[in-house]
Amino acid sequence: MWRRGFTSSYTAGAQALKEKKWDALVIGGGHNGLTAAAYLARGGLSVAVIERRHVIGGAAVTEEIIPGFKFSRCSYLQSLLRPSVIRELELKRHGLKLLKPTATSFTPCLDGRYLLMGYDDHHNYLEISKFSKRDADAYPRYENQLYKFCKLMDFLLDSRTPETLHWDSSFTDRLWDKLEKSVFWASCLRHIFALGQKDMVDFMDLLLSPTSKVLNKWFESDILKAVLAGDAIIGSMASIHTPGSGYVLLHHVMGETDGDRNIWLHVEGGMGSISMAISNAASEAGVSIATNAEVSQLMIGDSGTVKGVLLADGTRVHSSVVLSNATPYKTFLGLVPQDVLPDDFLRAIKYSDYNSGTTKINVAVDKLPQFHCCRSNNPEGGPQHTATIHIGSESMEEIGSACQEAWNGLPSKRPVMEMTIPSSLDKTISPPGIVKLFFLMPFSIHDGELIGEGQRKHVVSLFTQYTPYKPSDGSWENPTYRESYAQRCFSLIDEYAPGFSSSVIGYDMLTPPDLEREFGLTGGNIFHGAMGLDSLFLMRPAKGWSGYRTPIRGLYLCGSGAHPGGGVMGAAGRNAARIVLRDFKKHSS
């Protein structure tokens, strides 16, 4: 089977890992783990990253599954990566290149109409006016309100939570802790006062309300509500009618790139290029990165303090602290020895919500899809091909029905899909000329016949929902069952872009069990756990343990299962590293 990943050139073998005691070991070479490692090394610690797979990046990864086609296999767009991480780690100097789409979103309709949104307010006004003049007037006010809330969210994302101290501490430590909490809450109150009472009430309404209620209050046209509602259900099994789902509307507009909000960008070379840039920064700071090295268990001393990790091949790697970029479930129920953790903490982790309705399909095609409502005469494609394309979501009712089917144990009959075509902007990820036709089985790729020269081939990313982890009418282990779902998605695209199915050269499909098995995402949840209000801020990953420290001395969480949650942000890695450096400084003084 053809499978090539794009890894950092700075790798260390298991033998090199055990030759010394490290200050810090990071389990998992995802973007948060690499971010934490970079900050720790820049802070003067000796650091090694241990990655189970053959390629770094975790879910922010580029892999050449089909020769010539480089897929961003899991995450597929960049907006949330914290500006502080980009700036402080100098990621652009380390190779990060962002590609701005010509348009932001494109939603084709079966009746021949479409909604094409971009960066120009007047253009957006005209587009929305095709469906509702009232909505065109309301949309700028809706966006401005969300942007107001983003200033408070920026503060929360970049701050560690004001968590309670758990270990025996000196008087000085307790005093310093109280001072820090006072500073945090004072800053928080300043942001709240800056909003004012009316905006704060609106903010609470957004946090607590169902997405459908929020959007119905603002808009009347089905298509605009559906486009915006799509942001609230990404990666979850939540319905748009679930109280609290409105928060995720905010989560997906709080990204910032060069000062601009809510711009979702492609990354040259795929999402793995983000991880590569972070790994280059980490390696420059002295971090060692080992791939094909699986951690089987944490080593805990008699005093209950971390001593290092035991690899699957029996190698013992010693360190002063360990940071886990694995999910909380994998970390505490898979890597920590039994009878070490408190029962109430284990129950909280075990019974957290790891449900996922996501299946990602990466497709190689021999031509750009042509949408019957918006055809392009340009062989290089039009603005719609660079945008995020919404398929199967012309109304909130369609999204609600798709979710209900999954709740009933069935993959959605008409899946809700976000379709992107990164090769419309990035010529490095797909081939021109002759390619081979590949037939993909669930876990292998079989060589096929040559197909002729012609226009440039393309990479299409399909983020599809909803697909239950254990469907009641079949199994994801069944090749026929898997194929039927993929064809269901392709046939739905055919309704909007005739001929799409016949353009497919091959594809790579990742169902929730695949995401768990291959990428370590418990339940297939791309966020390391649900992003409901009961699982955020002081409640993430469990009440009382939101501050990156854990009940085991020397063990820290640095992944998306910690505050502030999922998405390619780097915030959890950066925040965790700052806590570790502070603890190191305290213990060494």
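Residues numbered from 1 in each chain as written. Predicted model: local features only at pLDDT ≥ 70, side-chain atom pairs only at ≥ 80, totals over all residues. Heavy atoms only, no water.

Engineer: Looking at this structure, I do not really get the sheet that holds strand β8 (residues 114-117). What am I missing?
Structural biologist: Sheet strands pair by backbone hydrogen bonding; their relative direction is either parallel or antiparallel. The strand order β8-β7-β17-β18-β23-β16-β24 describes an open sheet built from 7 strands, whose pairing is mixed. Whereas interior strands pair on both sides, the edge strands pair on one side only; in this sheet they are β8 and β24 (504-510). Mean inter-strand twist for the sheet, computed between neighbouring axes without regard to direction, equals 20 degrees. One ladder, built from 3 bridges, connects strand β17 (residues 388-391) with strand β18 (residues 416-420); its direction is antiparallel. (Pairing = 2+ DSSP bridges. Helix = DSSP H or I, 4+ residues; strand = E, 2+ residues; numbered from the N terminus. Axes fitted to C-alpha atoms, helices over the stretch in contact; angles between N-to-C directions.)

Engineer: Please explain the pattern of salt bridges as it appears in this structure.
Structural biologist: Where side chains of opposite charge bring their charged atoms close, a pairing between them can arise. According to the stated counting rule, one finds 27 salt bridges in the structure shown. A salt bridge links Asp111 to Arg113, with the shortest nitrogen-to-oxygen separation between them at 3.0 Å. With relative accessibility at 41%, the residue Arg113 sits in the partly exposed group. The salt bridge involving Lys217 is made with Asp205; its shortest N-O contact spans 2.3 Å. Of this pair, Lys217 sits in helix α7 (residues 211-218) while Asp205 sits in helix α6 (residues 171-208), and the two are 12 residues apart along the sequence. Overall, the relative accessible area of 46% leaves Lys217 in the partly exposed class. Under the relative-accessibility criterion, Asp205 is labelled partly exposed at 24%. Here the residues in one salt-bridge network are Arg53, Glu63, Arg73, Asp508 and Glu518, joined through shared partners. (Salt bridge = Lys/Arg side-chain N within 4 Å of Asp/Glu carboxyl O. Buried < 20%, exposed > 50% of the residue type's maximum accessible area, 1.4 Å probe, protein only.)

Engineer: Just checking my understanding: could you explain empty space enclosed by the protein for this structure?
Structural biologist: In this approach the atoms are scanned with a rolling probe the size of a water molecule, which exposes any empty space left behind. Across all of its chains, the model carries 4 cavities of 30 Å³ or more by this definition. For the largest cavity, the calculated volume is near 70 Å³. For the largest cavity, the full set of lining residues is Ala226, Gly230, Ile233, Ile234, His390, Ser393, Ile399, Val416, Met417, Glu418, Phe463 and Gln465. Top contributing element to the lining of the largest cavity by residue count: β18, with 3 residues. Residues of the lining of the largest cavity, tallied by class, amount to 7 nonpolar, 4 polar and 1 charged. (1 Å grid on protein atoms, 1.4 Å probe; cavity = no way out; pocket = protein on both sides within 12 Å on 5 of 7 lines; lining within 4 Å. Points joined across faces, edges and corners; volume = space filled by probe spheres on them. Nonpolar A, V, L, I, M, F, W, Y, C, P; charged D, E, K, R; others polar.)

Engineer: Explain the layout of surface pockets to me, please; I cannot follow it from the model alone.
Structural biologist: In this structure, the second largest pocket spans a volume of roughly 550 Å³. Per-class residue counts for the lining of the second largest pocket are 17 nonpolar, 13 polar and 4 charged.

Engineer: Would you explain helix α2 (residues 31-42) in this entry?
Structural biologist: Along an α-helix, residues three or four positions apart point the same way, because every turn accommodates 3.6 residues. The terminal C-alpha atoms of α2 lie 16 Å apart, and with 12 residues this matches the ideal 16 Å at 1.5 Å per residue to within 8%. In terms of burial, α2 is a largely internal element, 11 of the 12 residues being buried. Among the residues of α2, His31, Asn32, Gly33, Leu34, Thr35, Ala36, Ala37, Ala38, Tyr39, Leu40 and Ala41 are the ones counted as buried. Taken from the residues just after α2, Gly44 is the one with a positive phi, measuring 100 degrees. (Expected span 1.5 Å × (residues − 1).)

Engineer: Would you take a moment to explain the environment of Lys178 for this structure?
Structural biologist: Mapped onto the fold, Lys178 is located in helix α6. When the C-alpha positions of Lys178 and Ala576 are compared, they lie 19 Å apart, and in sequence the two are 398 residues distant.

Engineer: How do you make sense of the packing of helix α4 (residues 121-129) against helix α5 (residues 133-157) when you look at a structure like this?
Structural biologist: To describe two helices that pack against each other, one gives the angle between their axes and the distance between the axes. At their nearest, the axes of α4 and α5 sit 7 Å apart, and the two run at 145 degrees to each other. Considering how the two elements wind past one another, α4 and α5 form a crossing that is right-handed. Contacts between α4 and α5 pair Tyr125, Ile128 and Ser129 from the former with Lys133, Asp135, Ala136, Asp137 and Tyr139 from the latter. Split by residue class, the contact of α4 with α5 holds 4 nonpolar, 1 polar and 3 charged. (Left-handed = near helix turned anticlockwise from the far one by under 90°. Contact = heavy atoms within 4.5 Å.)

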